[in-house]
Amino acid sequence: MKIVMKFGGTSVGTGENIRHVADLVTEYAKNDCRVAVVVSALAGVTNSLMEVACQAKKSDAKHIEAFTKELLQKHLKAISIAIKSKVIQKEVNQITENTISELEKVLTGICYVGELTPKSKDYVASFGERLSAPIVWGALKDHKAETQCFTGKEAGIVTDSNFGEAEPLMNYTTHLIRERLGPIVEKGVIPIVTGFIAADQNGVVTTVGRGGSDYTATILGVALSVDEVWIWTDVDGIMTADPRIIPSARMLPELSYQEAAEMAIFGAKAMHPRALEPVIEAKIPVRIRSTMHSENLGTLITDADSAKSTSAVKAVALIKDVAMVNVNGAGMVGAPGSYAKVFDVLGKNGINIMMVSTAVSEANISMIIRRSLVGRALSTLEIALLGRGTVSEVTAEDDVAVVAVMGANMKGTTGVASRIFATVANAGINIRMIAQGSSELNISFVVKEKDGAAVVRAIHKEFALDKI
Amino acid sequence: MRIILVGYGVVGKGVTTILARKYTEKVKDNGFSPKIVAIADIDGAVINPRGLSPEKLEAIRQRGYPISADPEFGHKGMPALDVIESVEAEVVVEVTPVNIKNGEPALSHITRAFKTGKHVVTTNKGPLALAMPALTELAEYNNVYLRFSGTVGGGTPMLEFAKKCLAGDKILAIRGILNGTTNYILTEMSQNRVTFQEALANAQKLGYAEREPSMDIDGFDTACKVVILANWILNKKITLKDVDRTGIRDVSLQALDEASKRGNTIKLIGSIDGDKATVKPTEIPKNNPICVSGVLNAITFFTEFAGEQTLVGKGAGGIETASAVLRDLLDIRHKLATKILA
C-alpha cells in the first residue's frame, strides 16, 4: 500500500506531537507501507509570520529580532523533545538556525524597502513549513527510518506565478514528482515534503493559498499514484454536526467527493474543495483521521459510486458570523439586469456572496455575506442603487445564521425538504430565507442566530444522525 | 452612506440634527440613506459602525461635552485621526474650528481621510485658504471627492451656482459681500450713526462677532472665501498670502457720510478680477443689487454671456451651514453612484 500522509499544524504543534507523528509514520512504514509525508507549519507560525511581515512593511524593525528569537526558541524546544539523538538534534538545530537567520535577513529587507509584495509575502510564508519539515525529518531519523527532506519546490511542485494563490501546472508537476520522489519512495525511503509552498517555473517561491497543505498532499498523491491520501488532523473525521453543539454527533465513516466538497463550509475541519480537485479526477480516496485517536479509521472520502450509504441527510452545519442583506424594490420586477447590478456592485467592492435567494415575484433579493462586510455592502448598495426607480430599500440583519443540511442522497429523495421545514416549524422557529441548488446536495436556510443551535439539534434528531 | 463627523461645535450639531431628520424620511424619495458611524471631538469619540440612531444623536446633543462620555459607544481620548483611519466609512465631514495660521487640525484630518480613501466634506476655511491647490490635487490623486460648499455663503449655494448653473459661460470677475459680521457693523454705522467700536460691541453682544474679532474685521474671513472662489470657480492656484487684504477698522463715520451724499455706501468687498484678489472696504452705489444690509451676504458673478448674476442669502449660522454639508453629501453620493455603476 502506498500512502501520502499529511500532518496539520496542531499535529506538529509541539515536540511531543511531532514525536507521536514519527511513531505513527514509522509504524505504518514498517508494515510494508510506502509513505510520503506532507507537513504544515507548527500551529500558529504562518499567521505570526504574516503579522511580522506586515509590521516590517511599516518599517517597524524593533519586532523583528524579538520575533525571530522567539521563533527559534519555539522550534529548538520542539527539536529537543521530538528528537532524542544528540547528533541528529545538533544537525536539525543547525538547519533551523540557518533558516531563521535567512528569515531575519528577509524581514530586515522588507523593513528597509517598506514594501511587501505578494511575491515576498509568499517567501516569508514559506518559512513556517521550511522550519517544521526538518524537525519531522529528524524525528523519523531518530526512529531509524530512511528519510529525506524536500521543500515543495525541491519535490517538483511547479505553479504559475500567481503569488498567494498559485495554481500548479499539474502535468509538469506530476512529471517532476514522479522523477524526483517516485524512485526513493519505491526504495522505502520516506520523503518529507513541506506543504503549502511550491515554486514557479523560474524557481521563485509561491504558495498554493486556499486548501494549503491538503492541496500539496493530494497533488503528491496523484503524482505518486498512491492508494490513499490521509489527512491527519485534530478531529476524528467529518462529523454529522459540530460536536460542540451536539455532543452525540457522529463521525461519518464514508462520504462522496461531492459531499465532502459541500462540507467545506464546516470550515477548517473539512477539506477545501480545491484540495479535492486532483484526487477526484484520479479517483484516489482521501481519509481524514485524528492523530490523537489513531485507532479510529476516520472519514473516507471516495468516489460517489462506492460510497454506499442510504441515509438522505448526512450532516447539518451551522454557519455563524454571517449577515443577510435584502434588496427590495417593485421596480426590479421584470427588469432585465437588475440582479446583475446588485451582484456587480458587491463584486466590485470585493464582497463575496455566500448564498442567494429570490422569489419569482422578483421584488426582492436576499443575500448572505460575511458579517464583517455588512457595513460596506449596505452602504455601497444604497449609494449605487437607491433613488433610481428600481431599488426602494436596502436592509441588513446581522443577527442571523445559516443552517446547511447536506447529503448526496437528498438528490431525488422526496420529502426531505418538508421534513426539514416541519422540524424547524415544530421547534417554533421562523425561517428567514431558503436556498437549494439544483444539485440537491444541500439545502441551506437562514434563521435568527439565537435559534441556530436549536435548529441544528432538532434536525440532527429528526434524521437520526446520531445513529448513522 | 457612512459618515464620520469630526468636530462637534455649532455646525457639527447642525449636521447631526439635519441627518437625524433624514433618517425618518423615506429613503426612496431621495435615494439617500446617511448614517453617522462616528463623531470625533477634542475629548474622544462616539463610534457605532452600524450608525448612531436619531435617538442616540439626540442623547449625545442633550448630554453635551465631553461627547465620549456616552456609556454605550464612547471612546474616551481617542484621537480624531485614529477615528478617521480606523472606522469604516465613505465620507468624513470635517467641521472643526477655523485656524488660518497652519490649518490644523483640519488639514491633517483631511489628508488622513484622503489617504484612507474617504471623501471629505468640510466647512472649514482654514485648510482651504492655506492649501487649496494642494488639497484638490491630493483628492484627485487619491480618487476621492473634496466638497466645501459651506465655506462660502453658508447655506446659500454660491459655489454651486457658479460651478454648475453658470457652466459653459465664462466668469470674468467675482465681487461679493462675503462676511456677515462686518456687513452688520458697517450697516449699523451708516444707518444708526454709531462708531465702529460701538457697532462691534453690539455685534459681539448679539453673537454675530467673536470675542476675538480679528478674523472678521481684519478681513481674513473674507480673504479665505476669496481664495476658495478663485481656486474653485476661476481655477486660479492662489492661497491666503496672495490676497491683498484691508479690514474695516479704519472705516470712519465721516467716510460713510461722504459716501452717502453721493448715493453710495461703504462695504467690505472681496473681489477677484483678472489675477488680482482683493479684500477692502469699497464704496458702492446703494442701489447696486449687491448692496445688502445686516448680516446678509451677496455675491455678483460677471459673466461673458449671461451678464451680471447676483445671489443674496444668509452667509452663516449652524443649521444653514449644515444644510450645505447635506448638499455636498448628496453631490458625493450622486457621483459615487454613477461611478460604482459605470
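Residue and element names in this part refer to chain A. One can describe the packing of helix 9 (residues 212-223) onto helix 11 (residues 273-282) by two numbers: an axis separation of 7 Å at closest approach and a directional angle of 15°. When the interaxial angle is binned, helix 9 and helix 11 end up roughly parallel. Of the two possible hands of crossing, helix 9 and helix 11 adopt the one that is left-handed. Residues D214, Y215, T218, I219 and V222 of helix 9 form the contact with helix 11, whose own contacting residues are R274, A275, P278, V279 and A282.

For the rest of this paragraph, the subject is the pairing of strand 11 (residues 276-285) of chain B. Residues and elements named next belong to chain B. Alignment of strand 9 (residues 244-245) against strand 11, held across 2 bridges, turns out to be parallel. When the sheet's bridge partners are listed, D244 is paired in strand 11 with T278. Pairing geometry for strand 10 (residues 264-273) and strand 11, over 10 bridges, is antiparallel. Bridged to I269 within strand 11 is K280. The loop that links strand 10 with its antiparallel partner strand 11 comprises 2 residues; one of these, G274, has a positive phi angle of about 65°.

Once that is clear, we can look at the interface of chain A and chain B. Contact with chain A, which involves 18 residues of that partner, is made by 17 residues of chain B. At the boundary of chain A with chain B, total buried surface from both sides reaches about 1500 Å², with 55% on carbon and sulfur atoms. In this assembly, chain A and chain B are joined by 3 salt bridges. R50 of chain B is the partner of D398 of chain A in a salt bridge, and the nearest nitrogen-oxygen pair spans 3.0 Å. Our count for the chain A to chain B interface comes out at 6 residue pairs in polar contact (both at pLDDT 80 or more). For the side of chain A that touches chain B, the elements supplying multiple residues, two or more each, are helix 12 (338-348) and helix 13 (374-385) of chain A.

Another point: the confidence of the model for chain A. When pLDDT is averaged across chain A, the result is 90; 97% of the residues are at 70 or more. Across chain A, the element-wise mean pLDDT spans from 83 in helix 10 (residues 257-262) of chain A up to 96 in strand 5 (residues 190-194) of chain A.

A word on helix 9 of chain A. Residues and elements named next belong to chain A. End to end, helix 9 covers 17 Å across 12 residues, agreeing with the expected 16 Å (1.5 Å per residue, within 8%). Summarising burial for helix 9: 12 of the 12 residues are buried, a large majority. Residues of helix 9 that are buried: G212, S213, D214, Y215, T216, A217, T218, I219, L220, G221, V222 and A223. Looking at the residues trailing helix 9, positive phi occurs at S225, about 45°.

This part is about the packing of aromatic side chains. All names here are of chain A. Enumeration according to the criterion identifies 10 aromatic pairs over all chains in this entry. Seen from their ring centres, F7 and W232 are 5.9 Å apart, and the 5° between their planes marks the pair as stacked. Of this pair, F7 sits in strand 1 (residues 2-7) while W232 sits in strand 8 (residues 228-233); the two residues are 225 residues apart in sequence, bridging distant segments of the chain. For the residue pair F7 and W232, the accessibility class agrees, reading buried in each case.

What follows deals with the packing of helix 6 (residues 125-141) of chain B against helix 11 (residues 220-232) of chain B. Residue and element names in this part refer to chain B. Contact geometry for helix 6 and helix 11: axes closest at 9 Å, N-to-C directions at 45°. Our classification of the angle between helix 6 and helix 11 gives oblique. Every pair of crossing elements has a handedness; the one defined by helix 6 and helix 11 is left-handed. Taken together, the residues of helix 11 that come into contact with helix 6 (itself represented by K125, L128, A129, M132 and P133) are D221, C224, K225, V227, I228, N231 and W232. Residues that form the contact of helix 6 with helix 11 fall into these classes: 8 nonpolar, 1 polar and 3 charged.

What follows is about the domain arrangement of chain B. All names here are of chain B. For chain B, the assigned domains are domain 1 (2-155 + 319-341) and domain 2 (158-316). Each of domain 1 and domain 2 was reduced to a C-alpha centroid, and the two centroids are 28 Å apart. Looking at the side of domain 1 facing domain 2, the largest losses of area belong to I100, A129 and V152, adding up to 31% of the total buried there. Taken together, the connections running from domain 1 to domain 2 amount to 4 salt bridges. Here K125 and D221 are joined by a salt bridge, their closest N and O atoms 3.3 Å apart. On the surface where domain 1 and domain 2 come into contact, there are 6 residue pairs in polar contact (both at pLDDT 80 or more). Those elements that provide at least two residues to the side of domain 1 that touches domain 2 are helix 6 and helix 13 (318-341). With 7 residues, the single largest contributor to the side of domain 1 that touches domain 2 is helix 6. Tallied by class, the residues present in the side of domain 1 that touches domain 2 amount to 10 nonpolar, 6 polar and 6 charged.

A few words on the pattern of salt bridges. Residue and element names in this part refer to chain B. Counting across every chain of the model gives 41 salt bridges over all chains. Where R2 meets E88, a salt bridge forms, and the shortest distance between an N and an O atom there is 3.2 Å. Of the two residues, R2 is situated in strand 1 (residues 2-6) and E88 in the loop between helix 4 (80-86) and strand 5 (91-94); the sequence distance between them amounts to 86 residues. We classify R2 as buried; its relative accessible area is 5%.

A negative phi holds for most residues other than glycine; trans holds for most peptide bonds. That bond from Y65 of chain B to P66 of chain B is cis: its omega, -5°, falls within 30 degrees of zero. Topologically, P66 of chain B is positioned in the loop between helix 3 (54-63) and strand 4 (74-76). Cis peptide bonds are those with omega within 30 degrees of zero, and the linkage from E104 of chain B to P105 of chain B qualifies with 0°. Mapped onto the elements of the fold, P105 of chain B is located in the loop between strand 5 and helix 5 (106-115). A positive phi angle, close to 55°, is found at K283 of chain A, a residue other than glycine. Within the secondary structure, K283 of chain A sits in the loop between helix 11 and strand 10 (286-290). Not every positive phi belongs to a glycine, and A464 of chain A is a case in point at roughly 50°. Mapped onto the elements, A464 of chain A comes out in the segment after helix 15 (449-462).

Criteria and thresholds
Residues numbered from 1 in each chain as written. Chains lettered and ligands numbered in written order. Predicted model: local features only at pLDDT ≥ 70, side-chain atom pairs only at ≥ 80, totals over all residues. Heavy atoms only, no water. Axes fitted to C-alpha atoms, helices over the stretch in contact; angles between N-to-C directions. Helix = DSSP H or I, 4+ residues; strand = E, 2+ residues; numbered from the N terminus. Parallel < 35°, antiparallel > 145°, perpendicular 65-115°, else oblique. Left-handed = near helix turned anticlockwise from the far one by under 90°. Contact = heavy atoms within 4.5 Å. Pairing = 2+ DSSP bridges. Buried area = accessible area lost by both parts, 1.4 Å probe. Salt bridge = Lys/Arg side-chain N within 4 Å of Asp/Glu carboxyl O. Polar contact = N/O pair within 3.5 Å; in protein donor to acceptor, adjacent residues only side chain to side chain. pLDDT = per-residue confidence, 0-100. Expected span 1.5 Å × (residues − 1). Buried < 20%, exposed > 50% of the residue type's maximum accessible area, 1.4 Å probe, protein only. Phe/Tyr/Trp six-rings, centres within 6.5 Å; stacked < 30°, edge-to-face > 60°. Nonpolar A, V, L, I, M, F, W, Y, C, P; charged D, E, K, R; others polar. Domains from an automatic or database assignment.

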